[in-house]
Amino acid sequence: MTVNGQIKTWNLQFEGREKMILESETKILNCPRPVCVIYNPRSLYNCLVVCQSIWRIYRAGDFVLLCSGSSNQEVPWSGGKFYTVDKIMLWRENGVLYVYKLPARAIRPVDHSDSSWSAEPPTCLYSVPTGPLMECLLVHKKSMRTPHDIVIRGDRDGRLSLWKQDREKDISSEGLVECIHTSLTETWDENNVAIVNEKCERCGVTLDITSSVYLEPLSYLACGLSSGDIVVGLVHHFLTHALFKCSADSEEVDTRVRLKGHKGNVSVLLYPHTSQPTSYLPNILYSGGVDFSVKIWDWRKATLLQSFTTHTGPVARLFLPPTQATGKLRGSVVSVCKDNSIAITTQTQITPLFVGSCHHTAVLEIRWRLAEDILLVHCLDDTVYVWGLSTGHLDRIETGAVA
């Protein structure tokens, strides 16, 4: 469904491999700024179209209007779903939940050939405030042996609320009773969640996370530990073990990858594929540690590809050259050390491409002039060092107004 109210359908039942599936039908509905389209999962006879100002029930297939409702308030609708065959739930952006009972013509097939027929109005059973910023609503139908259904509400701030709907009282404001209200923030603070609950093999002390990087778009997380190890795994696996206190001897298979090679804290991690996917493979991970080394990993195979020890202090930062870089600079990584030195390394060479180590103060930023083959290094004392990239020689030092 498009923003101007056009609904398009495609027939997905085709034989063989087609180059292109064309739309089978396009119809213009009087539904400005639609929010969602929901089919009735229990009857497949009708569908619900929710717009910001109105909502409508259409017959599935030919989209004949069965009934509709409008918004008498300035707060727009933000979603809806079918609760039963003849009842729907709608909610506004302010979190007020409405329950409507649909007319008979909207829930079973009838003959609409009579031109005098018009859409019957629905009946609002009740409305109840549930809190602002509602994003989703889930209705869990329990077995008939239990006297209630479960209604779960979630919002964009990570809050969850759970209600019990008593079947004996029918659907009403008295039958909907809130029993649980929680949020991700409260759970996180109360449980003091540790994403990586690793302990030292020698002393049994819990290891600290000294660096981390998100491997987008793979939904993996890499965490560098104070022991020098790097743990890579799916984000939801980390959260499952942390929030639900999974023990080490649980039956769940541990799919995390462990990279061993650093001695001491892993100070920085870099996943270059996220920002420059054409220059770096998705299995490459860079790390720097307090052991003065920069390492290149194939994290999928848990293999160390290269290790460079060009600095004389802990590695502080890792970043990439510009996307316009060509030749040897393409696919390289720049490391900045706490000893005020910088280095450019790449996976394809066993020696660094460039090392600059005569800066008297900390390195603040680096600027590139690729056309002139020059690297500019700005330091804490406002001094600019001009390096030749090809030769690796210091061309000059600028201070004052020239810098």
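Quick caveat, the model's predicted, so the values are computed rather than measured.

Cut-off values and rules
Residues numbered from 1 in each chain as written. Predicted model: local features only at pLDDT ≥ 70, side-chain atom pairs only at ≥ 80, totals over all residues. Heavy atoms only, no water. Helix = DSSP H or I, 4+ residues; strand = E, 2+ residues; numbered from the N terminus. Buried < 20%, exposed > 50% of the residue type's maximum accessible area, 1.4 Å probe, protein only. Contact = heavy atoms within 4.5 Å. Areas by Shrake-Rupley, 256 points an atom, 1.4 Å probe, with all protein chains shown as cover. Pairing = 2+ DSSP bridges. Salt bridge = Lys/Arg side-chain N within 4 Å of Asp/Glu carboxyl O. Core = buried A, V, L, I, M, F, W, Y, C linked by side-chain atoms within 4.5 Å. Axes fitted to C-alpha atoms, helices over the stretch in contact; angles between N-to-C directions.

On a plain count of helices and strands, the protein comes out with two helices and 30 strands. Residue burial in the protein is summarised as follows: out of 403 residues, 41% are buried. Within the protein, contacts between residues at least 6 apart in sequence are counted, and of these 42% link residues at least 24 apart. Total accessible area on the protein stands at roughly 22,100 Å², and carbon and sulfur atoms take up 52% of it.

Right, let's talk about the pairing of strand S15 (residues 209-215) for a bit. The sheet contact formed by S15 and strand S16 (residues 220-225) spans six bridges and is antiparallel. Residue Ser211 lies in a different strand from S16, and its bridge partner there is Gly224. Taking the residues that link successive antiparallel strands as the turn, the S15-S16 hairpin has four residues, and the phi of Ser219 there is positive, at about 60°.

Should the charged atoms of two oppositely charged side chains come close, the side chains can pair. Evaluation of the coordinates by the stated rule reveals 10 salt bridges. A salt bridge links Glu372 to Arg369, with the shortest nitrogen-to-oxygen separation between them at 3.7 Å. Residue Arg369 is classed as partly exposed on the basis of its relative accessible area of 40%. A salt bridge links Arg396 to Glu398; the nearest nitrogen and oxygen atoms lie 3.0 Å apart. Owing to a relative accessible area of 38%, Arg396 belongs among the partly exposed residues under this scheme. Classification of Glu398 as partly exposed rests on a relative accessible area of 21%. Among the charged side chains, a network of salt bridges with common partners joins Asp86, Lys87 and Lys101.

As a further point, take the nonpolar core. One finds Leu48, Trp55, Ile57, Ile88, Leu90 and Leu102 to be the most contacted residues of the largest nonpolar core, which totals 17 residues. Those elements that place two or more of their residues in this core are strand S4 (46-51), strand S5 (54-59), strand S6 (65-70), strand S7 (77-82), strand S8 (87-92) and strand S9 (96-101). With three residues, S9 is the single largest residue contributor to this core. Val334, Val336, Phe354 and Cys379 belong to the second-largest nonpolar core, a separate cluster that totals 16 residues.

The next subject is the sheet that holds strand S19 (residues 266-270). Taken in spatial order, the four strands make up an open sheet running S19-S20-S21-S22, and their pairing is antiparallel. Strands at the two margins of the open sheet, each flanked by one partner only, are S19 and strand S22 (303-308). Looking at each pair of strands side by side, their axes are set apart by 25° on average, direction ignored. Note: S19 against strand S20 (residues 284-289), four bridges, orientation antiparallel. Bridged to Val266 within S20 is Gly289.

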